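Commentary on secondary and tertiary structure
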Amino acid sequence: MPYASETLLRASFFDITALAAQPDDIAANARYLEDGLLTLRDGKVVSLESWQIAEGRVNPAEVTDLRGKLIVPGFIDTHIHYPQTEMIGAFGEQLLEWLNHYTFPVESQYHCPDHSAKMSAFFLQQLLSNGTTTALVFGTVHKQSVDALFSAAHQLDMRLIAGKVMMDRNAPEYLTETPEQSYQHSRELIERWHQRGRLSYALTPRFAPTSSPALLDKVRQLREEFPDVWMHTHLSENQQEIAWVKALFPERDGYLDVYHHHQLTGKRSVFAHCLHLEDKEWQCLHDTDSSIAFCPTSNLFLGSGLFNIKRCWQQGVRMGIGTDVGAGTTFNLLQTLGEAYKVGQLQQYKLSACEAFYHATLGGAHALDLDDVIGNFNPGKEADFVVLDPAVSPLQQLRHANSKDIWERLFVLMTLGDDRNIAQTWVSGKPVWQRESEEQIA
Ligand code: GUN
Ligand code: ZN
């Protein structure tokens, strides 16, 4: 008999049960249960087993029957900017002009706690309605932006990592601070939010061009004082940006060395983009066990370049997928995986559905050093997952019916899927988002 507090869900399930060192290793640990039973207790996974094995011991009246749906681990977005939600899809510019024309003015509004609270609620609803249960998030330079986001995420009991932007130069005066202010405000936020419930703090220097050596030294100091916090920044996204970093830091041996010199590489350091790395930079990311956030829609939208997935595996560097909203053009990880596939195609790399779902779940968890708590349905993992509707439109239904196996169905989901396919999103063992009704999306 199940415990009174247990939740039992019957559906199809897909997850990857172990980390992989090479893409060819992933399929061996892929688990697909056409008819399975997931048991949850106290917000955690108790077991995932085939219905046939579980059937005899459970009372059917206690089982929530979701047959026809496919349940996968919650998606993990390893790089996103919540204050850029309202400027997603801004026309015409590449990185540096895009920042000046669109991004900085929008971010200035987050000095206002009410605006921050309103946009935090909207942002978290966007994540959940797209099946994303964990994200690594940029705030703005204002500490109130991060207070608002953490309070909203805390109420939902989401596993979220975020931090206030740190920047002290090469940005409008209304968005810059002194290194000392940056230190004090970041420290206050760490003390208030880090490891509170499921929340964690990431030190967030925007990128090298908006950081003086004195500011980077404050980031280093905070990391020394709080060794279990994350570090989150941008690296090697755009050719003009790279040339600018080299001009600003002539004493350093390239872009990554600016961060490495300040001891900002390492486990729990996540670098977004990494499109134009030199050999020594790949090596340094590997040697320091740093992570990369691959952001395909952003890289295409800003014309930044093509991420080298194959090289990343060869170098043994941790990697997850980021949407990078608002330079990225969707919150939806299915669509983002579809674009990642196209980035691979342009470089003769075949991103299989199995590999793609790995990056969006367990691989992303590994990139965030959270693979001990999220990323699959192994016993004890936190119960964050998505109930997918495998086919919601006439075209998807036709294509789904014409798919021979789970691999083809997953590939079609990442090629044709979007937020219409997200039927429910569960966080800590509870449904926190549900699509209103199938009629409404027809
Ligand atoms: N580099 C520095 N800031 C940003 C940002 O907000 N978005 C992106 N894509 N790159 C950046
Ligand atoms: Zn970004």
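Definitions and limits used
Residues numbered from 1 in each chain as written. Chains lettered and ligands numbered in written order. Predicted model: local features only at pLDDT ≥ 70, side-chain atom pairs only at ≥ 80, totals over all residues. Heavy atoms only, no water. UniProt positions renumbered as here; feature names shortened; annotations may be inferred. Donors = N, O, S within 2.8 Å, 3.2 Å for Na, K, Ca; no water. Tetrahedral: all angles 85-135°; square planar, octahedral: opposite > 155°, others 65-115°. Helix = DSSP H or I, 4+ residues; strand = E, 2+ residues; numbered from the N terminus. Buried < 20%, exposed > 50% of the residue type's maximum accessible area, 1.4 Å probe, protein only. Near = heavy atom within 4 Å. Polar contact = N/O pair within 3.5 Å; in protein donor to acceptor, adjacent residues only side chain to side chain. Areas by Shrake-Rupley, 256 points an atom, 1.4 Å probe, with all protein chains shown as cover. 1 Å grid on protein atoms, 1.4 Å probe; cavity = no way out; pocket = protein on both sides within 12 Å on 5 of 7 lines; lining within 4 Å. Sits in = over half its atoms within 2 Å of the grid points. Nonpolar A, V, L, I, M, F, W, Y, C, P; charged D, E, K, R; others polar.

Taking an unreviewed UniProt entry as the reference, the protein is identified by name as Guanine deaminase belonging to Pantoea nemavictus. Looking at the protein in UniProt, the text filed under Sequence similarities (unreviewed entry) is "Belongs to the metallo-dependent hydrolases superfamily. ATZ/TRZ family." The record in UniProt for the protein states the following under Catalytic activity (unreviewed entry): "guanine + H2O + H(+) = xanthine + NH4(+)".

1. So, the coordination of the zinc ion (ligand 2)
Here the zinc ion (ligand 2) is held by H79 (NE2), H81 (NE2), H234 (NE2) and D324 (OD), and the distances to it run 2.0 to 2.3 Å. Around the zinc ion (ligand 2), the 4 donor atoms are arranged such that angles at the metal cover 87 to 171°; this shape is classified as irregular. On the primary sequence, the residues serving as donors to the zinc ion (ligand 2) are separated as H-x1-H-x152-H-x89-D. Of the two residues, H79 is situated in strand β5 (residues 75-81) and H234 in strand β10 (residues 230-235); the sequence distance between them amounts to 155 residues. Residue class for H79 comes out buried when judged on its relative accessible area of 0%. A relative accessible area of 7% places H234 in the buried class.

2. As for the site of ligand 1
As a matter of local geometry, ligand 1 sits amid H81, Q84, L95, W98, L99, R206, F207, H234, E237, H273, D324 and A327. In the model, an oxygen atom of ligand 1 is placed 2.9 Å from a nitrogen or oxygen of the Q84 side chain. Within the side chain of R206, a nitrogen or oxygen atom sits 2.7 Å from an oxygen atom of ligand 1. For ligand 1, whose unbound accessible area comes to 280 Å², protein coverage reaches 100%. Mapping ligand 1 onto the cavity grids shows that it belongs to the largest cavity. With 3 residues, helix α2 (residues 95-107) is the largest single contributor of residues to the shell around ligand 1. Class assignment for the residues of the shell around ligand 1 results in 5 nonpolar, 4 polar and 3 charged.

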